[in-house]
Amino acid sequence: MTQTTKVKTEIPRLPPIFFIFLGGVCLFLFSRLQATIKSGWERASIGDRVLIHENLTPDKQKGIEAFAKGDYKQAIASFKFSLLQQPNDPETLIYLNNAQAINNYLKIAVSVPIGSNVNVSQEILRGVATAQDEINQKGGINGKKLQVEIVNDENNPEIAQKVAQELVKDRAVLGVVGHNASNASLAAAPIYQQAGLVMVSPTSFANNLSGIGQFIFRTVPTSKVMAEALADYTLKTARKTKIAFCYDSQAPDNVSFKDEFLAAFISKGGQLIPTVCDLSTPNFNPTAAVNEAINSGADGLFVASHIDRVEAAISLATANQNRLALFSSPTLYNIKTLETGQQAVKGLILVAPWHPQVNPYLAEMMRQRWRGTVNWRTATAYDATQAIIAGLQQGTERDRLQQTLHSPEFTVSGATGTIRFAPSGDRIGNPVIIQVQSSGSNYEFAMLSKTP
C-alpha cells in the first residue's frame, strides 16, 4: 500500500512596500477612470474640447488639444494666437483664462444653448468672459483665479435637468450662470435648489421662476415690471389702444410676458382685440393672423416668440407690411430680428433690461473688446457673473454664496446699474423702451426711454 506524503506549501510574505505600491496603482487607475467619465461628458468643457465650431481657427484647435494633454503653456500661446484672428470669440477667451488659472482657481459654470442657438450662446458667453477676464487680470478672487466651465443645454428642459444634475455633483462648482430660455431654467432650478447650488439666470423672465427657492436668482427684471413699462408706452406715447396678440404658447417666458402685458394694458384703459394666433402651431398662417387682427379693428399687434423660433414672429412682421404697430418682449432684441426682418420690423417697439446707452462707458469697452455692439444678454450675463464674483469674495462655500446674495445689504456695480436682489431672487431694476430704426440699409435697436 502506497503512503501519500503531504507537502505543506507556504505562501511567501510580501513586504509592506508592495501593498503601498498596489494602493497607489489602484488610486491612479481610479482617478483616471474619473477623468475618463468626466471627459466623456461631451456637453461640458473648461478648454479640453470645442463646443462652438463656427469660425474654428487652427490655433484654437491646437490650444484645445494642448489643454486636453495638460500642456497649458502651449494652450495659452495657441489661444492667444486664435484671439488675434477671432477677437470676438468668447469661448476662446474663457479657455485662455482657464488655462492660466489651472493651478489655483475657483470654479463656476455657465449653461448656454449652443446646440440650438449659437448667436444667443455667444452673447451670453461674452458677458461671462468679460467679467472673468476682468477679475483674473486683477489677481482673481482673494488670490484665486476664476475658472469657467461652459455647458451646452440646447435650451432643452430635459437636457437642462441632466446638466443641473451633473453640476451639483461636481463639488468644485460654486455657482451657475444660466440657463437661457425660461423653460430650461424652470426645469433645472429645483435641482439646484435641492442640492444647494446657486443659479443666476441672466435671461429668464418667466414669472414662475420667482420664489422657487433661496438658491435661485436672475439678473433681469420680472415679466411684470417689463410688461407694465411696455403697456405704459403703448398707451401714453404710441397711443395705441386696441391690441391683438400673437405669441408662442410653448415659451413660458413669453406666455408670462403676454399675460402681464395684457393685464397692465387693460387696467390702464386699453382694449383687447380677441384673435386666435399661436406661433407654435404647425399650421400657423401669418397672413391670416394679421388680416384677422386688422379686420377686427386692432391698431397694434403684440408678438412674442421663443428665442429659438423667432422666424415665426418675423414672418408675422413681414405679412403685416407695417400696417399695424408692432410691440414685443425682450426676446426679439437679437441680431436675427434685424438681419432677417429688416424693413418688416422697422418701427417695432420692445422692452428690454438694458441698452448700450444705459452705460455708454462699459458698452464702448465691450464694443472694442468684441469688435461689435453688444446687447442686453451680454450685459445681464456680465452682471450675473459679477454678482457671483462679489459673493465669492465674501466666502467660497456654496451656502455662503447664497447667504451673501440674499443679504439685504448686498450690492455690486454691473453693466445694467447696481445689482441687488429681492427676497424672491428677482433682480431689482428698471427696463428700457427700444425701437428698431434704420439708417439707409442698416437697422439697429435704438433706446427711446429709460423707465423711472
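Rules and cut-offs
Residues numbered from 1 in each chain as written. Predicted model: local features only at pLDDT ≥ 70, side-chain atom pairs only at ≥ 80, totals over all residues. Heavy atoms only, no water. pLDDT = per-residue confidence, 0-100. Contact = heavy atoms within 4.5 Å. Helix = DSSP H or I, 4+ residues; strand = E, 2+ residues; numbered from the N terminus. Expected span 1.5 Å × (residues − 1). Buried < 20%, exposed > 50% of the residue type's maximum accessible area, 1.4 Å probe, protein only. Salt bridge = Lys/Arg side-chain N within 4 Å of Asp/Glu carboxyl O. Core = buried A, V, L, I, M, F, W, Y, C linked by side-chain atoms within 4.5 Å. Disulfide = S-S within 2.5 Å. Axes fitted to C-alpha atoms, helices over the stretch in contact; angles between N-to-C directions. Parallel < 35°, antiparallel > 145°, perpendicular 65-115°, else oblique. Left-handed = near helix turned anticlockwise from the far one by under 90°. Pairing = 2+ DSSP bridges. Arc of directions from axis to C-beta.

1. Digging into the confidence of the model for the protein
On average, the protein scores 91 in pLDDT, and the residues at 70 or more come to 90%. Taken as a whole, residues 27-40 scores under 50 in pLDDT and shows four contacts with residues more than four places along the chain or in a different chain.

2. Thoughts on helix α9 (residues 252-267)
Owing to its 3.6 residues per turn, the α-helix brings residues three or four apart onto one side. If you check α9, its first and last C-alpha atoms are 23 Å apart, about what 16 residues at 1.5 Å a residue would give, namely 22 Å. Listing the buried residues of α9 in full gives D253, N254, S256, F257, K258, E260, F261, L262, A264 and F265. Structurally, α9 contributes buried residues whose contacts are with α7 (182-195), α8 (223-236), β7 (242-247), β8 (271-272), β9 (300-304) and β11 (349-352). In the segment just after α9, G269 is the residue with positive phi, at about 110 degrees.

3. Here we look at the pattern of salt bridges
Oppositely charged side chains can form a pair if their charged atoms are brought close together. Applying the stated rule across the entire model yields 17 salt bridges. Salt-bridge contacts for K107 lead to D170; the nearest nitrogen and oxygen are separated by 2.8 Å. A residue pair is termed long-range when its members are at least 10 positions apart, and K107 in strand β2 (residues 105-112) and D170 in the loop between α6 (157-169) and β4 (173-177) qualify at 63 residues. Of the two residues, K107 and D170, neither departs from the other in class, the shared state being buried. Two residues, R367 and E364, come together in a salt bridge whose shortest N-O distance is 2.8 Å. Residue R367 and its partner E364 are located together in helix α13 (residues 360-370), separated by three residues, close to a single helical turn. What makes E364 partly exposed here is its relative accessible area of 32%. Several salt bridges share partner residues, and in doing so they unite K60, D89 and E91 into one network.

4. What to know about the nonpolar core
Membership of the largest hydrophobic core comes to 121 residues, with the highest contact counts inside it found for V110, I150, F257, F261, F302 and L405. Ranked by residues supplied to this core, first place goes to helix α14 (residues 376-392) with ten residues. Sequence-distant contacts of F261, that is, excluding residues within four places in its chain, are made with A227, L230, A231, T234, I243, F245 and F302. Counting 21 residues, the second-largest nonpolar core is a separate cluster that includes A160, V173, I191 and L209.

5. Observations concerning the state of the cysteines
Where two cysteines share a covalent bond between their sulfur atoms, that bond is called a disulfide. One pass over the structure, following the stated rule, counts one disulfide. Note on cysteine connectivity: C246 is disulfide-linked to C277, with sulfurs 1.9 Å apart. Classification of the bridge connecting C246 and C277 rests on its S-S torsion, roughly 105 degrees, and on that basis the disulfide is right-handed. Highlighted residues: C246 in strand β7 and C277 in the loop between β8 and α10 (286-295), separated in sequence by 31 residues. Using a relative accessible area of 1% as the deciding quantity, one classes C246 as buried. Overall, the relative accessible area of 8% leaves C277 in the buried class.

6. A closer look at the packing of helix α4 (residues 90-100) against helix α5 (residues 118-137)
Running from N to C, α4 and α5 point in directions that differ by 30 degrees, and their axes come no closer than 8 Å. When the axes of α4 and α5 are compared, the pair comes out roughly parallel. Of the two elements, α4 crosses α5, and the hand of that crossing is left-handed. In this structure, α4 uses P90, L93, I94, N97 and N98 to contact α5, whose residues at the interface are Q122, L125, R126, V128, A129, Q132, D133 and N136.

7. Re the sheet that holds strand β5 (residues 198-201)
Pairing is mixed across the open sheet formed by six strands, whose spatial order is β1-β3-β2-β4-β5-β6. Strand pairing shows two members of the sheet lacking a second neighbour, β1 (44-45) and β6 (216-218), which therefore form its edges. Across two bridges, the pairing between β1 and strand β3 (residues 145-152) is antiparallel. The partner of A44 across the bridge, within β3, is V151. Contacting β4, β5 and β6, α7 runs over the sheet at an angle of about 155 degrees to β5. Packed on one face of the sheet, α14 meets β2, β3, β4 and β5 and runs near 155 degrees to β4.

8. Points about helix α2 (residues 58-69)
The terminal C-alpha atoms of α2, which comprises twelve residues, lie 17 Å apart, in line with the 16 Å expected from a rise of 1.5 Å per residue. Within α2, the full set of buried residues consists of D59, K60, G63, I64, A66 and F67. Each buried residue of α2 sits inside an arc of 165 degrees when the element is viewed along its axis, so together they form one side. Every exposed residue of α2 that faces more than 90 degrees away from the buried side is listed here: P58, A68 and K69. Here the buried face of α2 lies against α3 (72-85) and α4. Of the residues one or two after α2, G70 is the one with positive phi, at around 85 degrees.

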